[in-house]
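Examination of the molecular architecture
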Amino acid sequence: MDDPATMPRAPLGLPLPHDSATLHVTGEALYVDDLPEPPGLLHAVLALSPEAHAEILALDLDPALTLLGDNGLAVTARDIPGINDVGPMSGPEPILADGIVAYVGQPIAAVAAPELARARAAARAVRATYRRREAVLDIPAAMARAQYVCPPHRMTRGDAAAAIAAAPRRLSGTFAIGGQDHFYLEGQVAMALPQEDGGVRILSSTQHPSEVQKMVARVLGLPEAAVTCEVRRMGGGFGGKETQPAIFAAIAALLARRAGRPVKLRLDRDDDMTITGKRHDFHVRWSAGFDTEGRLHGVEMELAARAGHDADLSPAIVDRAMFHALNCYRAPAVSVAGYACRTNTQSNTAFRGFGGPQGMLAAEEMIDAIARDLAIDPIELRRRNLLVPGDATHYGQRIEHMALPRIFDALLDGVGYASRRAEIDAANDGPGFIRRGLGFAPVMFGISFTATAYNQAGALVHLYTDGSVLLNHGGTEMGQGLYRKVAQVVAAELGVPPGRVRLAATSTDKVPNTSATAASSGSDLNGAAAADACRKIRSRLADFAARAHGGAPDEIVFADGHVRGPSWSFDLATLATQAYRARVQLWDSGFYATPRIHYDRARNTGHPFYYYAFGAALCEAAIDILTGESRILRADLLHDVGRSINPAIDLGQVEGGFIQGLGWLTSEELVFDRDGRLRTHSPATYKIPTARDLPPDFRVRLLEGADNPVATIHRSKAVGEPPLMLANAAWLAIKDACAAAAGTRHVRLDAPATPEAILRACGRLPAR
Ligand code: MTE
Ligand code: HPA
Ligand code: MOS
């Protein structure tokens with residue numbers, strides 16, 4: 001792959017700041033709620049179900065309408081002219097409850113008024129009478145009733161039960177993994193602007209503008225071509241804006257349609273947390289057979305997730321959990337079962353890692369238990385069980401490359417693992433209430449949407465006659481730096497400084513039929529599509545320049561804002577102007593579809609992932625056995641991003657991903673009451689990590705000299721989600737400290753490792 005067209009050139013590999021860094025810190029970056037409000041704008045507020053599961057016997061809007069006055073309006077499911085369904089995989093998934101409510105917080109009606117306060121008061125005045133039904137709130141209750149949002153699924157390789165029975169040693173366990181609220185700083189928001197001729201323009205904070213467009217069209221009964229969705233940026237998405245923005249965009253569009261006026265629907269934090277789905281919590285059962293050296297012979301795993309009241313993306317999320325349920329470990333016989341439990345709670349959805357973190361944590365829990373059982377060093381045991389090239393995973397993908405042995409060596413070089421282990425063990429044997437632990441976790445995360453069709457992207461690149469470039473692509477910017485990275489690709493392709501490339505908001509009328517910006521594949525897919533567009537422009541310009549000025553098209557070089565032939569050189573603006581006058585097209589579209597991937601779910605064979613992203617982390621934790629508090633004292637992270645397009649952005653993704661994972665596994669706890677009401681619906685009760693939770697000794701590195709063995713855009717690797725799973729090492733470190741405190745080899749520690757969970761694991765609070 002040393003084709004010069006794909007060889008890295010400046011500005012590839014430069015640590016340029018995020019495209020909006022200055023705007024972010026000065027507060028000038030515009031989010032949907034910051035945009036100038038159009039005349040006649042109405043503000044929308046939702047009325048929510050107080051019941052977890054009930055029939056709606058009557059819905060009385062009159063008190064609300066009185067409050068709303070002449071310029072206000074209220075809508076329910078009955079006012080929907082099209083189809084009341086925004087289900088991304090299977091339907092129907094209503095935007096407004098129709099006859100039945102299925103969780104506390106489900107929108108039952110929407111109101112809008114010129115003043116937000118009036119709309120809020122009116123939403124509270126919506127009255128409904130209900131006939132209660134039995135509510136199924138959690139995983140055990142749904143499992144007991146075999147109540148799922150899709151049929152249970154199994155991935156099998158060999159005879160796991162027989163392999164476990166015949167193995168020299170056996171071990172089994174069960175534990176629970178908590179969910180997580182996305183806590184994007186910008187909540188869900190949409191503005192719907194009626195256009196002439198029945199069309200509608202939507203400004204949405206969404207990772208998936210094409211799906212918003214499609215769902216708004218479906219709900220309003222319009223052709224997709226009559227709906228445009230535009231996204232300049234999100235204040236964070238983290239998976240929470242892959243499907244859910246469609247609900248709010250469609251409600252805003254419905255109100256705007258009926259009012260004939262623009263409508264903005266911006267959820268406040270409590271409503272956002274009450275209404276929207278989150279990361280799935282899981283219950284895990286595993287059983288392993290292994291030999292006295294700790295090598296796995298057989299593994300059985302059962303992964304049960306709380307899907308919530310609707311399917312949303314749960315089938316695909318449980319699949320991804322199953323794909324990652326052995327992380328990077330080999331076992332000749334495996335059986336993994338997945339259950340997406342239907343419960344009367346929010347419809348859980350994509351969240352950074354998309355089920356992968358839960359599956360991977362299950363694998364790490366199992367390996368940790370085996371290491372403790374055999375008293376083998378957990379890093380050594382992990383090394384013994386690593387997949388090697390030529391192995392097949394439990395879903396039949398042949399392993400071609402395995403970076404982990406190198407990553408283990410590079411991470412552990414100089415961290416003083418053995419001496420720190422000895423020092424910690426000695427200190428833990430002494431007096432005191434502080435106990436410390438070490439945890440090590442590798443990450444092997446499959447890159448590609450597991451639904452093969454989604455692995456495509458488009459771009460539209462305009463070169464203007466002054467040599468400036470406007471870049472459109474189908475990806476969305478949520479803080480992850482995608483716009484900057486794709487602009488760097490374009491600048492390299494056209495040989496211009498990165499400042500010459502201007503970024504246009506993502507819009508469905510520029511690049512259609514896009515996939516969600518998700519699965520960490522934003523830069524892989526959109527970068528390659530944009531490069532394709534640039535190569536077409538470059539090739540036409542080179543042909544023109546060769547004809548006009550001499551030389552062969554393939555001798556012509558685009559660099560430093562200039563175009564150079566064998567005996568001539570022009571700045572790009574001059575050549576572009578000449579080409580324009582000669583009627584040469586200066587703009588083009590580009591397309592990319594990931595090669596090689598395929599997966600037959602029924603037969604559990606194929607190659608669902610184009611490649612894997614790798615990393616590893618070593619964490620040191622301290623716990624206070626009187627209060628259950630914990631802290632990560634030191635974290636060493638090493639992550640493989642291939643040949644980085646932008647190492648500053650990639651490093652930020654590794655740091656941010658780890659800290660978000662740390663929140664998931666330590667402080668972020670979703671608490672529901674017996675009636676299915678989420679009690680932790682604001683920052684007062686739901687604790688995301690803050691700057692004070694950073695490990696005081698935090699050492700984050702990108703793997704040096706890394707490459708991507710497959711031909712991604714400039715041999716970079718996806719980075720958005722995988723580093724979140726490095727936080728598994730922090731949870732293992734806390735668990736190690738709990739075991740020291742309990743004085744037993746193995747303890748059960750449920751995630752998140754809250755003070756209560758830690759005290760339970762230490763035997764200082766009764767088990768639940
Ligand atoms: N980083 C920031 N700052 N904000 C986000 O919302 N989302 C994550 C990750 N990193 C997110 C983020 C998730 S869930 C994904 S899938 C990827 O970014 C999506 O972007 P990419 O494909 O361009 O990496
Ligand atoms: N990852 C993230 N989002 C998705 C996926 C996936 O694998 N499939 C569908 N949406
Ligand atoms: Mo990310 S969970 O794939 O949006």
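Worth saying up front: this structure is predicted, and the values here are computed from it rather than measured.

For the rest of this paragraph, the subject is the overall build of the protein. Each helix and strand counted, the protein has 19 helices and 29 strands in total. Taking 768 residues into account, the globule formula puts the C-alpha radius of gyration at 27 Å, and the protein, at 27 Å, falls close to it. In terms of overall dimensions, the protein has C-alpha extents of about 80 × 75 × 50 Å along its principal axes. Within the protein, buried positions represent 62% of all 768 residues. Contacts in the protein between residues at least 24 apart in sequence constitute 80% of all its contacts with a sequence separation of at least 6. Counting every atom, the protein has about 28,100 Å² of accessible surface; 51% of that belongs to carbon and sulfur. For the protein, the distance from the average site of its 79 positive side-chain charges to the average site of its 85 negative ones is 1 Å.

Around ligand 2 sit Glu242, Arg320, Phe354, Phe449, Thr450, Tyr454, Ala518 and Ala519, and those are all the residues in its vicinity. One of the side-chain nitrogen or oxygen atoms of Glu242 is found 2.6 Å away from a nitrogen atom of ligand 2. One nitrogen or oxygen atom from the main chain of Thr450 is found 3.4 Å from an oxygen atom belonging to ligand 2. Classifying every residue of the shell around ligand 2 gives 5 nonpolar, 1 polar and 2 charged.

Neighbouring ligand 1 are 18 residues, the closest being Gly237, Phe238, Met478, Gly522 and Gln653. Contacts to ligand 1 include Gly237, whose backbone N or O atom sits 2.7 Å from an oxygen atom. Residue Ser520 places a main-chain N or O atom 3.4 Å away from an oxygen atom belonging to ligand 1. Notes on ligand 1: free accessible area 520 Å², of which the protein chains cover 92%. Looking at the shell around ligand 1 residue by residue, the class counts come to 5 nonpolar, 11 polar and 2 charged. Counting only domains with at least three residues in the shell around ligand 1, you end up with domain 1 (4-13 + 456-593) and domain 2 (403-450 + 610-768).

Looking now at the sheet that holds strand S17 (residues 456-463). Taken together, the 4 strands give an open sheet; going across it, the order is S19-S18-S17-S24, and neighbouring strands pair in mixed fashion. The open sheet has two edge strands with one neighbour each: strand S19 (501-503) and strand S24 (587-593). When the angles between neighbouring strand axes are averaged without regard to direction, this sheet yields 25°. Pairing geometry for strand S18 (residues 469-473) and S19, over 3 bridges, is parallel. Bridging from a neighbouring strand, Leu471 pairs with Leu503 of S19. The sheet contacts of helix H14 (residues 482-494) involve S17, S18 and S19, and relative to S18 the element is tilted by about 130°.

Axis separation between helix H10 (residues 356-374) and helix H18 (residues 728-742) bottoms out at 11 Å; the angle between their running directions is 35°. Crossing of H10 over H18 shows right-handed handedness. Across from Pro357, Met360, Leu361, Glu364, Glu365, Asp368 and Arg372 in H10, the residues of H18 making contact are Asn728, Trp731, Leu732, Lys735, Asp736 and Ala739.

A word on the domain arrangement of the protein. Assigned domains within the protein: domain 1 (4-13 + 456-593) and domain 2 (403-450 + 610-768). Of note, the centres of domain 1 and domain 2, computed from C-alpha atoms alone, are 39 Å apart. Of the residues lining the interface, 28 residues belong to domain 1; the matching set on domain 2 comes to 24 residues. When domain 1 packs against domain 2, close to 1,800 Å² is buried across both sides, 60% of that on carbon and sulfur atoms. When the buried area of domain 1 at its contact with domain 2 is split by residue, Lys485, Ser520 and Asp524 rank highest and sum to 33% of it. Between the two partners, domain 1 and domain 2, sit 1 salt bridge. The residue Asp650 makes a salt bridge to Lys485 at a minimum N-O spacing of 2.9 Å. In this assembly, domain 1 and domain 2 are joined by 6 residue pairs in polar contact (both at pLDDT 80 or more).

Let us now look at H18. A rise of 1.5 Å per residue sets the reference length of H18, with its 15 residues, at 21 Å; its end C-alpha atoms lie 21 Å apart and thus fit the reference within 8%. Across the 15 residues of H18, 12 count as buried, placing the element largely inside the fold. Among the residues making up H18, those that are buried are Asn728, Ala729, Ala730, Trp731, Leu732, Ala733, Ile734, Lys735, Asp736, Ala737, Cys738 and Ala739. The first or second residue beyond H18 is Gly743, which carries a positive phi of 70°.

Take empty space enclosed by the protein next. Applying the stated criterion to the full structure yields 8 cavities of 30 Å³ or more. Approximately 230 Å³ is the volume attributed to the largest cavity. Around the largest cavity sit 22 residues that line it, and Pro94, Ile247, His309, Asp310 and Ser347 are the ones nearest its centre. Grouping the constituent residues of the lining of the largest cavity by class yields 11 nonpolar, 8 polar and 3 charged. Taken as a whole, the second largest cavity encloses approximately 100 Å³ of empty space. Around the second largest cavity, the lining comprises 13 residues; the ones closest to its centre are Glu400, His401, Tyr610, Tyr611 and Tyr612. Looking at which element gives the most residues to the lining of the second largest cavity, the answer is strand S27 (residues 611-624), with 3 residues.

Our focus in this paragraph is the sheet that holds strand S12 (residues 263-266). Taking strand neighbours across the sheet as the criterion, the 8 strands line up as S3-S5-S1-S12-S9-S10-S11-S20 in an open arrangement whose pairing is mixed. At either margin of the open sheet sits one strand with a lone partner, and together these are strand S3 (73-75) and strand S20 (506-507). Against the sheet, helix H7 (residues 245-259) contacts strand S1 (42-48), S3, strand S5 (107-113), strand S9 (189-194), strand S10 (200-204) and S12, and its axis sits at roughly 30° relative to S9.

What the rule picks out here adds up to 14 aromatic pairs. For the ring pair Phe323 and Tyr395, a centre distance of 4.7 Å and an interplane angle of 85° mean the geometry is edge-to-face. One end of the pair, Phe323, is in helix H9 (residues 314-323); the other, Tyr395, is in the loop between helix H11 (378-385) and helix H12 (404-412), with 72 residues separating them in the sequence. The same class applies to Phe323 and to Tyr395, which are both buried. Geometrically, the ring pair formed by Tyr395 and Phe609 is edge-to-face, given 5.8 Å between the ring centres and 90° between the ring planes. Separated by 214 residues along the polypeptide, Tyr395 in the loop between H11 and H12 and Phe609 in the loop between strand S26 (605-607) and S27 bring together distant segments of the chain. Classification of Tyr395 as buried rests on a relative accessible area of 2%. On the basis of relative accessible area, Phe609 is assigned to the buried category, the value being 0%. The rings of Phe323, Tyr395, Tyr599, Phe609, Tyr612 and Phe614 are connected pair by pair, giving a single aromatic cluster. The ring of Tyr31 has Arg233 lying over it, and the distance from NZ or CZ to the ring centre is 5.8 Å.

This part covers the pairing of strand S14 (residues 296-308). With 10 of its 13 residues buried, S14 lies for the most part within the structure. Both strand S13 (residues 282-290) and S14 contribute to a ladder of 9 bridges, which runs antiparallel. Along S14, the bridge assignment pairs Phe282 with Ala305. Hairpin remark: S13 followed by S14, antiparallel, with 5 residues in the connecting loop; positive phi at Gly294, about 90°. Of the pairings in the sheet, the one linking S14 to strand S15 (residues 333-342) comprises 10 bridges and is parallel in character. Its bridge partner lying in S15, Met301 is registered against Val336.

Reading the values: the criteria
Residues numbered from 1 in each chain as written. Chains lettered and ligands numbered in written order. Predicted model: local features only at pLDDT ≥ 70, side-chain atom pairs only at ≥ 80, totals over all residues. Heavy atoms only, no water. Helix = DSSP H or I, 4+ residues; strand = E, 2+ residues; numbered from the N terminus. Rg over C-alpha atoms; globule rule 2.2 N^0.38 Å. Buried < 20%, exposed > 50% of the residue type's maximum accessible area, 1.4 Å probe, protein only. Contact = heavy atoms within 4.5 Å. Areas by Shrake-Rupley, 256 points an atom, 1.4 Å probe, with all protein chains shown as cover. Lys, Arg positive; Asp, Glu negative; His and termini not counted. Charge placed at Lys NZ, Arg CZ, Asp CG, Glu CD. Near = heavy atom within 4 Å. Polar contact = N/O pair within 3.5 Å; in protein donor to acceptor, adjacent residues only side chain to side chain. Nonpolar A, V, L, I, M, F, W, Y, C, P; charged D, E, K, R; others polar. Domains from an automatic or database assignment. Pairing = 2+ DSSP bridges. Axes fitted to C-alpha atoms, helices over the stretch in contact; angles between N-to-C directions. Left-handed = near helix turned anticlockwise from the far one by under 90°. Buried area = accessible area lost by both parts, 1.4 Å probe. Salt bridge = Lys/Arg side-chain N within 4 Å of Asp/Glu carboxyl O. Expected span 1.5 Å × (residues − 1). 1 Å grid on protein atoms, 1.4 Å probe; cavity = no way out; pocket = protein on both sides within 12 Å on 5 of 7 lines; lining within 4 Å. Points joined across faces, edges and corners; volume = space filled by probe spheres on them. Phe/Tyr/Trp six-rings, centres within 6.5 Å; stacked < 30°, edge-to-face > 60°. Lys NZ or Arg CZ within 6 Å of the ring centre and 35° of its normal.

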